[in-house]
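# A look at the structure
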Amino acid sequence: MTIPFEPELFGIAINIHLILEYVAFFIAFRYYVVLRRKSNDHISSGNRLSIILGAALGALIGSRVVGFLENPLIDVSQTNIIQLLNTKTIMGGLFGGLLGVEIAKTIIGEKTSSGDLFVFPIILGIFIGRIGCFLSGINEFTYGNVTSSIFGMDLGDGLSRHPTSLYELVFLVFLFIALQQLKTKKTLKNGTLFKLFMLAYFGFRFCIEFLKPNVFYIFELSTIQYLCVICWLYYSKTIAQLFSRLKSR
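Attention shifts here to unusual backbone geometry. The residue Phe-219 is not glycine, and still its phi comes out positive at about 60°. Here Phe-219 is to be found in the loop between helix H7 (192–208) and helix H8 (223–234). One non-glycine residue, Glu-220, lies in positive phi territory at about 60°. Residue classification places Glu-220 among the exposed residues on the basis of a relative accessible area of 55%.

Right, dumping it as structure tokens:
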């Protein structure tokens with residue numbers, strides 16, 4: 001199999017990344033439904049639906065806004081509306097979804113933390129989506145810089161590049177296992193699991209972005225990295241509590 005992987009059906013090219021995105025959404029949602037049935041969810045079905053709608057709307061807006069800011073030098077005059085709408089990033093989707101949930105909860109008056117049930121479905125969804133990114137090679141803006149490292153791969157342009165999508169797949173496996181172990185062995189306050197996921201994933205993305213051909217701004221940071229910093233500031237209280245617990249041991 002060559003990268004990018006471009007299968008055809010009856011002579012029609014298949015966008016493998018787009019297909020795997022739809023598969024990711026479907027499987028992740030079904031996984032969430034299964035987890036909710038098995039859990040003792042204190043949030044009513046009506047409020048859960050409002051929260052999901054808030055998350056979906058926030059993710060839709062956030063992914064597009066951050067996706068555009070990730071490459072603001074794009075020539076809009078040479079880009080059609082469909083391409084602009086398809087310019088998106090999971091990072092903007094996650095943080096936009098977070099804000100959408102908080103707004104929805106404020107509107108409906110829900111006080112209970114709601115993120116823990118979404119953690120493992122989100123990780124699974126990202127994992128499936130990243131497979132699509134890898135198979136798309138340089139056709140998706142998720143590839144890495146040129147490298148002489150033994151991990152370098154030809155992603156479709158004849159150059160040895162960091163396969164950053166594969167790096168992320170490995171990280172997601174370890175993150176899934178670590179959070180599952182933590183959930184099983186520790187009694188966590190409601191909402192803590194989601195916060196730990198966000199801090200870990202955004203921390204990983206902050207580091208991996210240095211291996212990508214991004215547009216870097218002040219302090220040599222990209223749009224995604226600035227979003228990571230914003231996320232850390234958003235969860236600064238949680239970070240302070242974690243450090244406090246580590247010092248007390």
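The next thing to look at is the packing of helix H6 (residues 164–185) against H7. The interhelical angle for the contact between H6 and H7, taken along N-to-C directions, is 155°, at an axis separation of 11 Å. As judged from the angle between their axes, H6 and H7 are roughly antiparallel. Here H6 and H7 pass one another in a crossing that is right-handed. Counting all contacts with H6, which are made through Thr-164, Tyr-167, Glu-168, Phe-171, Leu-172, Leu-175, Leu-179, Leu-182 and Lys-183, the residues of H7 involved are Leu-193, Leu-196, Phe-197, Ala-200, Tyr-201, Phe-204, Arg-205 and Ile-208. Within the contact of H6 with H7, the residues separate by chemical class into 13 nonpolar, one polar and three charged.

For Glu-209, the position within the fold is in the loop between H7 and H8. Setting aside residues up to four positions removed in sequence, Glu-209 forms contacts with Glu-70, Asn-214, Phe-216, Ser-222, Ile-224 and Gln-225.

In total, this model carries two cavities of 30 Å³ or more according to the counting rule given. If you add up the space inside the largest cavity, you get close to 40 Å³. Around the largest cavity sit Cys-133, Phe-134, Gly-137, Thr-142, Tyr-143, Leu-155, His-162, Pro-163, Thr-164 and Ser-165, which together line it. Of the residues belonging to the lining of the largest cavity, the class tally is five nonpolar, five polar and no charged.

What follows covers the side chain of Arg-48. With respect to the element layout, Arg-48 can be found in helix H2 (residues 45–70). We classify Arg-48 as buried; its relative accessible area is 4%. If sequence neighbours within four positions are ignored, Arg-48 has contacts with Tyr-32, Arg-36, Asp-41, Ile-43, Ser-114, Leu-117 and Phe-118.

Reading the values: the criteria
- Residues numbered from 1 in each chain as written.
- Predicted model: local features only at pLDDT ≥ 70, side-chain atom pairs only at ≥ 80, totals over all residues.
- Heavy atoms only, no water.
- Helix = DSSP H or I, 4+ residues; strand = E, 2+ residues; numbered from the N terminus.
- Buried < 20%, exposed > 50% of the residue type's maximum accessible area, 1.4 Å probe, protein only.
- Axes fitted to C-alpha atoms, helices over the stretch in contact; angles between N-to-C directions.
- Parallel < 35°, antiparallel > 145°, perpendicular 65-115°, else oblique.
- Left-handed = near helix turned anticlockwise from the far one by under 90°.
- Contact = heavy atoms within 4.5 Å.
- Nonpolar A, V, L, I, M, F, W, Y, C, P; charged D, E, K, R; others polar.
- 1 Å grid on protein atoms, 1.4 Å probe; cavity = no way out; pocket = protein on both sides within 12 Å on 5 of 7 lines; lining within 4 Å.
- Points joined across faces, edges and corners; volume = space filled by probe spheres on them.

Everything listed here is a matter of coordinates, which is why it stays silent on function.
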